[in-house]
Amino acid sequence: MTKSKRVLISLILRLLAFGATVAAVVVMVTSHDSAQVLNLTFTAKYSNEPAFKYFVIAEGIASAYSLIVLFTSSQNSLRRLLLILDLVIAMLLSSSISAAVAIAHVGKKGNNHAGWLPICGQVPKFCDHVSGALVAGFIAAILYLLIVLSSMHFILNPLFL
């Protein structure tokens, strides 16, 4: 594969990953809804849950990293460092999605054993936003996995020629 194709593939994957992480942050930050139960109003928003805060911070870090890497030159001396940093970002995204999905599952289904009731029936707008943010986060994590795999291929391929 020529160098120009490698750079183009990397650029496209990084642009898509940047878009997915920004979308995940925006959708999660704008997720809020309120419900009234027995004349008591409660508000559901992402900042009420530490796992959702971690998700937003991790996606924000990945967005900033993607933006920085898009504007750096694709020098051979930086390839190995970028591979390591890409792997760190992929693992960060993976852990934040895992935490957020666990909380989202409890919010959607509840937990009968612990006596936790589902909240999505009362605040459906909030749950829909969180679901959208999680989908965008999954897409970003998959794109970063592809970035890591393609970077490994580009770095290791000359060794096997």
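Note: the structure precedes this text.
As a starting point, this report considers the structure included with it. Everything quoted here is computed from the prediction, not taken from an experiment.

### Examining a nonpolar patch on the surface
So, step 1. A cluster of nonpolar side chains, L8, L11, I12, L15 and L16, forms an exposed patch at the surface whose accessible area comes to about 440 Å².
So, step 2. In this structure, L8 sits in helix α1 (residues 3–29).

### Remarks on the pairing of strand β2 (residues 40–45)
So, step 1. Bridge count between strand β1 (residues 32–37) and β2: six bridges; the pairing is antiparallel. Bridging from a neighbouring strand, D33 pairs with A44 of β2.
So, step 2. The antiparallel pairing of β1 with β2 creates a hairpin that spans two residues between the two strands, and L38 there sits at a positive phi of about 50°.

### Notes on the packing of aromatic side chains
So, step 1. On inspection of all chains with the given rule, the structure shows two aromatic pairs.
So, step 2. Between the aromatic rings of Y65 and Y144, the centroid separation amounts to 6.5 Å while the plane-to-plane angle is 40°, which identifies the pairing as tilted. Of this pair, Y65 sits in helix α2 (residues 50–70) while Y144 sits in helix α4 (residues 124–156), and the two are 79 residues apart along the sequence.
So, step 3. The exposure class assigned to Y65 is buried, which follows from its relative accessible area of 12%.
So, step 4. We classify Y144 as buried; its relative accessible area is 0%.

### Digging into the state of the cysteines
So, step 1. Under the defined criterion, the tally for this structure stands at one disulfide.
So, step 2. Across a sulfur-sulfur distance of 2.0 Å, C120 and C127 are joined as a disulfide pair. A torsion of -95° about the S-S bond marks the disulfide between C120 and C127 as left-handed. The same class applies to C120 as to C127, namely buried.

### Overview of the pattern of salt bridges
So, step 1. In total, this model carries one salt bridge according to the counting rule given.
So, step 2. Notably, a salt bridge pairs R14 with D86, separated by 2.6 Å at the nearest N-O pair. Note that R14 is positioned in helix α1 and D86 in helix α3 (residues 79–109), a separation of 72 residues in sequence.

Rules and cut-offs
- Residues numbered from 1 in each chain as written.
- Predicted model: local features only at pLDDT ≥ 70, side-chain atom pairs only at ≥ 80, totals over all residues.
- Heavy atoms only, no water.
- Patch = residues over 30% accessible without salt bridge, like charges linked within 9 Å, V, L, I, M, F, W, Y side chains within 5 Å.
- Areas by Shrake-Rupley, 256 points an atom, 1.4 Å probe, with all protein chains shown as cover.
- Salt bridge = Lys/Arg side-chain N within 4 Å of Asp/Glu carboxyl O.
- Helix = DSSP H or I, 4+ residues; strand = E, 2+ residues; numbered from the N terminus.
- Pairing = 2+ DSSP bridges.
- Phe/Tyr/Trp six-rings, centres within 6.5 Å; stacked < 30°, edge-to-face > 60°.
- Buried < 20%, exposed > 50% of the residue type's maximum accessible area, 1.4 Å probe, protein only.
- Disulfide = S-S within 2.5 Å.

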